[in-house]
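Geometric and topological summary
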Amino acid sequence: MKFPQGTSRIWLGFKPVIITTDSNVIQEILTSPACFDVADELSVPLKNTITGESLLIASNKDDKWKSQRKILSPGLSASMHPEFLTAFHTHLPNLMEVLDEKCKIGGEFNPDNLFGKFAMGVAFETILDFDVPVNFFQHDHALQYEMFVNGSNAAFQPAVQPKFQIPLMWRFFGYGAEFQKLFDFMEIYFPKMFLKEKMSEWKSYEENGALPKRMKYANLLYKKWTEAKLVTCQLSTILAAAVDSTDSVLCLALIHLAKFKEVQTKAYLEARRVIGQDYDNVLSITDIDKLKYIDMVIKESMRRITNTPVIARKVGKDLKLGNGLMIPKSTSVFIPLHLLHHNPEVFPNPDAFIPERFLPENVEKRHRYAYQPFSSGPRNCIGKKYAMIEVKFVLAKLLYKFEVTSSMENIDDLNFEYAPFAKIRGDFRIGLRERRHI
Ligand code: HEM
């Protein structure tokens, strides 16, 4: 496929939109205060299903999005990372128990949703501040997990497939019923009284000046928001963003590791070095930072198959770019991340899997905006660091225990479905072999 270089204008019906893979243009758009809003093509279809009030698609009219972001950001800040890592350790045995079982049974299996269940358990503790750990691998909770992922998948369909913007079509294909499951799930965990209690509890802490220094995401919401419905929508949105993304990135990383054996060996040796003699050793944030090769593997895997295929902004006022291009007010600008990451001039032989592309000396040679899996600028992914710590931690522990295999001939034959993160469809299977440590 020929890479469509640069910036072009196309017509979506009667509306002109800009599509760009030019790193300079991307930088200008993502950092411009005139472009804080998500493009209508992505945000409007979601308004009826996931509220337009949630951080993910909120408009910045009257500084609305900006003030939400300011309130919620501390819930995922670096000062919280050690606590998050503790929760990752708490939940790891739930995941490993299932993987041990799969390994014993032998053969291959589809890992889809296994990491999602882990991520959901962790998110309950780190984001929602649940006191008692919930294990989403256990039967009843696993069913509830399915309710949630099916519901959020249905919610994102109108943004992924225009035909589902027609409510009748969306309902006809069963998405209305699936979407209801998202609310059923939230009803299980956040019955109205519980939410109201929590909200008044945290508001009273604020009034009495008794707020802790560090607060989890949900508590930041309880303390500031006044409507239970909005809190529920914010919480379901952040859960969807945190769970599906992690599942997708880990599945993609594993399939690459299974196919590229030398890379897997290097990654495993690094995991051994950092974890040490005992698999159960507790890792610190400094240890996670030492997983440099695994970090590059994840980045290359997200480059080769980018799990958020496109981001888009609405230009809030006439904007003259550095290259002289004039973009009129209200134009949508699309940034196709997968194509951006396959530009052969920036990533030679783009279909090859080469983690060394992310060695610091190679990164330095590229434009900072040539690689954007988490986006950049003020509206970038708020959970970027959280996600990278989680994914690196899981991969290191998994590779320490297991060798990952796959009999798939060609991973490029895999099909994907986006809602909004890439889910591998079709015959996606991996196998696990226990490693013998000497
Ligand atoms: C590897 C996993 C992840 C990837 C690849 C990813 C990617 C992205 C991307 C591309 C955006 C869009 C930014 C834009 O429009 O410019 C985004 C936004 C967002 N992400 Fe993530 N994400 C991941 C994990 C997470 C996690 C773990 C959380 C929460 C803990 C999270 C929460 C959010 C939120 C709330 C937004 C909206 C931010 C805003 O509009 O202000 N994401 N993410």
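Residues numbered from 1 in each chain as written. Predicted model: local features only at pLDDT ≥ 70, side-chain atom pairs only at ≥ 80, totals over all residues. Heavy atoms only, no water.

Cross-referencing UniProt, the feature "binding site: heme" (unreviewed entry) maps to Cys 381 in the present numbering. Topologically, Cys 381 is positioned in the loop between α16 (360-365) and α17 (384-401). Aside from chain neighbours lying at most four places away, what touches Cys 381 is Arg 69 and Phe 374. (UniProt positions renumbered as here; feature names shortened; annotations may be inferred. Helix = DSSP H or I, 4+ residues; strand = E, 2+ residues; numbered from the N terminus. Contact = heavy atoms within 4.5 Å.)

Let us look at the packing of helix α2 (residues 40-47) against helix α6 (residues 139-160). The contact between α2 and α6 brings their axes to 7 Å, and the two run at 140°. The orientation of α2 relative to α6 falls into the category oblique. You can see that α2 and α6 cross each other, and the crossing is right-handed. Along its contact with α2, which presents Leu 42, Pro 45 and Leu 46, the element α6 presents Ala 155, Phe 156, Pro 158 and Ala 159. In terms of residue class, the contact of α2 with α6 is built from seven nonpolar, no polar and no charged. (Axes fitted to C-alpha atoms, helices over the stretch in contact; angles between N-to-C directions. Parallel < 35°, antiparallel > 145°, perpendicular 65-115°, else oblique. Left-handed = near helix turned anticlockwise from the far one by under 90°. Nonpolar A, V, L, I, M, F, W, Y, C, P; charged D, E, K, R; others polar.)

Bringing the site of the ligand into the picture now. In the vicinity of the ligand lie 25 residues, with Arg 69, Arg 313, Ser 375, Arg 379 and Cys 381 positioned nearest. The contact in question runs from an oxygen atom of the ligand to an N or O atom on the backbone of Leu 55, over 3.3 Å. Trp 65 is positioned such that a nitrogen or oxygen atom in its side chain is 2.9 Å from an oxygen atom of the ligand. Of all elements in the fold, only α3 (64-72), α11 (228-259), β4 (310-314) and α17 reach the threshold of two or more residues within the shell around the ligand. Counting residues per element, the shell around the ligand draws most heavily on α11, at five residues. A breakdown of the residues in the shell around the ligand according to their chemical character gives 16 nonpolar, six polar and three charged. (Near = heavy atom within 4 Å. Polar contact = N/O pair within 3.5 Å; in protein donor to acceptor, adjacent residues only side chain to side chain.)

Let us now look at the pattern of salt bridges. For side chains of opposite charge, pairing can occur when their charged atoms come near one another. One pass over the full model with this rule turns up 21 salt bridges. Taking the shortest distance from any N to any O, the salt bridge between Arg 433 and Glu 403 comes out at 3.3 Å. Of this pair, Arg 433 sits in strand β11 (residues 430-434) while Glu 403 sits in strand β8 (residues 402-405), placing them 30 residues apart in sequence. Judged by relative accessible area, Arg 433 falls into the partly exposed class, the value being 48%. Linked by salt bridges that have partners in common, Asp 112, Asp 247, Glu 417, Lys 423 and Arg 425 make up one network. (Salt bridge = Lys/Arg side-chain N within 4 Å of Asp/Glu carboxyl O. Buried < 20%, exposed > 50% of the residue type's maximum accessible area, 1.4 Å probe, protein only.)

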